[in-house]
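# Working through the structure, step by step
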Amino acid sequence: MSFLSIADTTTADLTRMLELGTAVKSDPSGYRTALVGRSIGLFFQKQSLRTWVSCDVAAIQLGIHPIAIRNEQTGLGVRETPEDVGRVLERYLDLLAMRVFDHNDLTNIDAVTDMPLVNLLSDLEHPCQAVADLLTLAEHRPIEGSRVAYLGDGNNVCHSLILGVVKAGGAVTVATPSGYEPDPAVVEAARAHGDVVLTDDPHEAVTGADVVYTDVWASMGQEEEAALRRRHFARFQVDDRIMAAAGPDAIFMHCLPAHRGEEVTDAVMESGQSRVFDQAENRLHAFKAVLLHLLG
Ligand code: CP
Ligand code: NVA
């Protein structure tokens, strides 16, 4: 079994990963030899801090040997095809986790290999982030009946968040500028599981929300659009007025890295409502849950 998207993950599998995440967080020493003797690859085609370090540490803390595979050395799709890279690596590894630009590279590798493959961020989804996000939300209040307001770009993180929240029993409102909405196929898939509202009004989106969530306005690979996007997204900054509209019981979440002063102010990042560093910690517990689910 692979874990490429929340779209392709059943509610039962997602629930299992959330249960495992909660269990490993409360008893880290209980899992120190759970997967001893296994080897996994961590492949990065773009930058990372949280994903790289938390996945490496998660593996070591489960007894796994992790191997960082740098794209500068392997040249995915340049030195050899993604499919050939996958077919070679499955002869060495028990699981391969990959951060890639093009989600098709993941589905193409998955189609020709038997080894479990994990998406560590593609242009389409960030499913491991969504598991950590749901763990963080569940620490605040029951996901069932919660409403998450996402402000900003309808991107990879937004896609996995929408799908994860509705599959876990919550509802989502997404506020984007026109032209930056989430992928209609993702929205349609999510609406089969729960309420997803799209709007271009950030204040309407956060009113009554339990969580206010944002991500960078220009994702990795979109650096050339950054100035244009700063103009288009200016109204969608999460600031004190937005958090006041959400109310004192709402929490603020961000997958990080944050561009302080763009999608979120310093004041909100540092406020008592901010859960961003708990969320970052939960990437560690979430990846352990993914590994235990796929290899346990
Ligand atoms: N949230 C996240 O995936 O962070 P990195 O890009 O630093 O891994
Ligand atoms: N949307 C961002 C998320 C980084 C974790 C990006 O793709 O760069």
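That block above? That's the structure.
These lines cover the structure that appears in this document, whether it is placed above or below. (Residues numbered from 1 in each chain as written. Chains lettered and ligands numbered in written order. Predicted model: local features only at pLDDT ≥ 70, side-chain atom pairs only at ≥ 80, totals over all residues. Heavy atoms only, no water.)

### Examining the overall build of the protein chain
Along the backbone of the protein chain there are 13 helices and nine strands. Oriented by its inertia axes, the alpha-carbon framework of the protein chain measures out at about 55 × 40 × 35 Å. Buried positions account for 55% of the 296 residues belonging to the protein chain. Expressed as a percentage of contacts within the protein chain between residues at least 6 apart in sequence, the contacts between residues at least 24 apart total 75%. Put simply, the protein chain shows about 12400 Å² of open surface, and 50% of that area lies on carbon and sulfur atoms. Positive and negative side-chain charges of the protein chain, numbering 24 and 42 respectively, have mean locations separated by a distance of 4 Å. (Helix = DSSP H or I, 4+ residues; strand = E, 2+ residues; numbered from the N terminus. Buried < 20%, exposed > 50% of the residue type's maximum accessible area, 1.4 Å probe, protein only. Contact = heavy atoms within 4.5 Å. Areas by Shrake-Rupley, 256 points an atom, 1.4 Å probe, with all protein chains shown as cover. Lys, Arg positive; Asp, Glu negative; His and termini not counted. Charge placed at Lys NZ, Arg CZ, Asp CG, Glu CD.)

### Points about the pairing of strand 1 (residues 39–44)
Along strand 1, six of the six residues are buried, which leaves the element largely enclosed by surrounding structure. Burial of strand 1 is two-sided: the residues Ser39, Gly41 and Phe43 facing one way and the residues Ile40, Leu42 and Phe44 facing the other way are all buried. Alignment of strand 1 against strand 2 (residues 65–70), held across six bridges, turns out to be parallel. Bridge pairing in strand 2 places serine 39 opposite histidine 65. Where the polypeptide runs from strand 1 across helix 2 (residues 50–61) and back to strand 2, its parallel neighbour, the crossover connection is right-handed. Looking at chain direction, strand 1 and strand 3 (residues 95–99) are connected through five bridges and run parallel. Across the sheet, residue phenylalanine 43 finds its bridge partner in strand 3, namely methionine 98. (Pairing = 2+ DSSP bridges. Right-handed = clockwise from strand over helix to strand, strands pointing away.)

### Some remarks on the packing of aromatic side chains
Inspection of the entire model under this criterion finds three aromatic pairs. With a centroid separation of 5.8 Å and an interplanar angle of 15 degrees, the aromatic rings of tryptophan 217 and phenylalanine 233 are classed as stacked. With tryptophan 217 in the loop between strand 8 (211–214) and helix 10 (226–233) and phenylalanine 233 in helix 10, this residue pair connects regions lying 16 residues apart in the sequence. Per residue, the accessibility class of tryptophan 217 equals that of phenylalanine 233, and both read buried. Linked through ring pairs, Tyr180, Trp217 and Phe233 together constitute an aromatic cluster. (Phe/Tyr/Trp six-rings, centres within 6.5 Å; stacked < 30°, edge-to-face > 60°.)

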